[in-house]
Amino acid sequence: MCGLMAVVDHPEAANLTYLGLYAQQHRGQEGVGIVCLNDDRTFSLKKGKALVSDVFRDYDFSKLPGRTSVGHVRYTTAGGSSLDNVQPIFAEISKGRVAIAHNGNLINADKLRRELIQDGAIFGTSSDTEVILHLIARTPSDIPLEEAVISALQQVQGAYSLLILFSDRLMVVRDPAGLRPLALGKLGESLVAASETCAFDLLGAEYERDVLPGELVVIPMDGKAKSYFPFKKEKSAPCIFEHVYFARPDSRVFEQNVYSVRRQMGVELARESHIEADIVVPVPDSGVTAALGYSEQARIPLELGLIRNHYVGRTFIEPMQSIRDFGVKIKHNANPEVLKGKRIVVVDDSIVRGTTSRKLVSMLRDAGAKEVHMRISSPPTMGPCYYGIDTPEKDQLIAAQKSIPEIGSYIGVDSLAYLSLEGLYKAVGVEQSKMCDACFSGEYPLGTPQQLVQIKQEQLL
Ligand code: AMP
Ligand code: SF4
């Protein structure tokens, strides 16, 4: 759950990177960093543990003067939330200076880290990304940079979309399964890269194409970009949850407009679990797009019965449960004018722990709703994500602990229905099991960290 942004060869590279990260703030709110490659091949860095607008408030961008820069917004999925872990991570290795920004999660990072430490490596952060840096640093100093990066990445397993900036080139990489998004665009003569295309829109850049699964794009500062496919081919498995919740609806992700896909999820949901009601109420913002589709398909008018305070961030994205509980209350309010005496269908994207839905349902009832039917535009969340989206362990996932009727009575609704996995794929318009859907299906395309440990133990035996 992070956002990446790169601008290559532009006089206002850092400023544009800042704007691109601003547009992608929803991908991570714990920290932000920008590294700039200066004309004299030195690097400048600014990072902080706050929102993009706060870290760069009144910032003097002449302190980031270079023509190429990479940036990152962070939400912790591996490693702690200290400033050291805010990316890009910058280091000096035998191959020169390097800055690295990573979206995704490595599943064999702990093992590699232990081995590297035993071998004398000194780690400055607790993030899995630093493992990649160490692996690059440890390749023989006489091999070309591309080969060093390829050899390092061949040792890691998991999800990675990466920006790796050296003093003479930028490398843009997507893991062979293509779990996390990464797009390339053009701004005049300059090349840009971002996790989501909404960043390009803000800059006035044009989307060119997605970085393909397993592709390494090398962009020299004084030459043409080259593309390589150096990794063993794997079944591609882009994350379906980007479409369900994570990406912004105005973005193009995995070559599809998120808004259209999400709206269609609402259409499929209404087809599968229609119920008589007076109004459809979206949970803002996460349920809005699917609710539009639901309302259209069910021919039930959409009303804004829940209002969101926009000055509160994503409550879920607060790492502490105590803050999260408080956050749900200050984030939404019910509008009795709209709800009183009505049978309502409330639409949201997912139920994770059940905290949000339970509080919202009680708010809707307090505001006078006669019946509350909850419709969820994805299947029950049954397992954690190991590939870069923060989901709690199984014991905290309500759908892994309770049946659907039990969840319904826990959150206090008259009826509860989820979109089926088939319906979800229908909405995305992709053949079933062509994407990662592990948090819903339990089928982990790259395996889980526990499975890796088990395989290792079996090999040792
Ligand atoms: P909960 O209270 O734990 O059931 O939170 C569920 C809400 O959090 C959903 O309605 C989503 O909008 C949002 N959500 C679901 N998955 C995630 C996630 N991995 N990260 C952040 N927010 C999420
Ligand atoms: Fe996405 Fe879920 Fe797969 Fe994680 S487990 S990559 S959230 S689909």
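Residues numbered from 1 in each chain as written. Chains lettered and ligands numbered in written order. Predicted model: local features only at pLDDT ≥ 70, side-chain atom pairs only at ≥ 80, totals over all residues. Heavy atoms only, no water.

So, about the packing of aromatic side chains. Per the counting criterion, the structure on display carries twelve aromatic pairs. Their ring planes at 90° and their centres at 5.3 Å tell us that F56 and Y59 sit as a pair that is edge-to-face. Each member of the pair, F56 as well as Y59, carries the same accessibility label: buried. For the ring pair Y59 and F61, a centre distance of 5.2 Å and an interplane angle of 85° mean the geometry is edge-to-face. Across this residue pair, the class does not change: Y59 and F61 are buried. Members of the aromatic cluster, connected to one another through ring pairs, are Y18, Y22, F56, Y59 and F61. The ring of F123 carries the charged tip of R113 above its face, separated from the ring centre by 4.2 Å. The ring of Y410 carries R358 above its face, with NZ or CZ at 4.2 Å from the centroid. (Phe/Tyr/Trp six-rings, centres within 6.5 Å; stacked < 30°, edge-to-face > 60°. Buried < 20%, exposed > 50% of the residue type's maximum accessible area, 1.4 Å probe, protein only. Lys NZ or Arg CZ within 6 Å of the ring centre and 35° of its normal.)

Another point: the sheet that holds strand 1 (residues 2-8). What the seven strands build is an open sheet, ordered 3-2-4-1-10-9-11; its pairing is antiparallel. In this open sheet, the two strands that pair with only one neighbour each are strand 3 (43-48) and strand 11 (206-210). Averaged over all pairs of adjacent strands, the angle between their axes in this sheet comes to 15°, without regard to strand direction. Examined bridge by bridge, strand 2 (residues 31-37) and strand 3 share six bridges and lie antiparallel to one another. Bridged to C36 within strand 3 is S44. Docked against the sheet, helix 1 (residues 13-23) engages strand 1, strand 2, strand 4 (68-74) and strand 9 (183-187), running at close to 25° with respect to strand 4. (Pairing = 2+ DSSP bridges. Helix = DSSP H or I, 4+ residues; strand = E, 2+ residues; numbered from the N terminus. Axes fitted to C-alpha atoms, helices over the stretch in contact; angles between N-to-C directions. Contact = heavy atoms within 4.5 Å.)

The next subject is the site of ligand 1. If you check the shell around ligand 1, you find 16 residues, and the closest are D348, D349, G354, T356 and D390. Separating an oxygen atom of ligand 1 from a backbone N or O atom of G354 is a distance of 2.8 Å. Between an oxygen atom of ligand 1 and a side-chain N or O atom of T356, the distance comes to 2.4 Å. Protein coverage of the free-state accessible area of ligand 1, which is 500 Å², stands at 95%. In terms of residue class, the shell around ligand 1 is made up of seven nonpolar, five polar and four charged. (Near = heavy atom within 4 Å. Polar contact = N/O pair within 3.5 Å; in protein donor to acceptor, adjacent residues only side chain to side chain. Areas by Shrake-Rupley, 256 points an atom, 1.4 Å probe, with all protein chains shown as cover. Nonpolar A, V, L, I, M, F, W, Y, C, P; charged D, E, K, R; others polar.)

The next subject is unusual backbone geometry. The peptide bond linking Q87 to P88 adopts the cis configuration, its omega dihedral lying at 0°. Along the chain, P88 turns up in the loop between strand 4 and strand 5 (89-93). Cis geometry marks the peptide bond from P284 to D285, where omega comes out at -5°. Relative to the assigned elements, D285 resides in the loop between strand 16 (279-282) and helix 9 (288-298). Of note in the backbone geometry, D9 takes a positive phi value of approximately 60° without being a glycine. Mapped onto the elements, D9 comes out in the loop between strand 1 and helix 1.

The next subject is helix 12 (residues 355-366). In this model helix 12 runs 17 Å from its N-terminal to its C-terminal C-alpha over twelve residues, within 8% of the 16 Å that 1.5 Å per residue would give. Considered for burial, the residues of helix 12 that qualify are S357, L360, V361, M363 and L364. Looking straight down helix 12, one finds that the buried residues subtend no more than 160° of arc, so they occupy a single side. Following helix 12 by one or two positions, G368 has its phi on the positive side, about 105°. (Expected span 1.5 Å × (residues − 1). Arc of directions from axis to C-beta.)

Remember that the coordinates give geometry; whether it matters functionally is a separate question.
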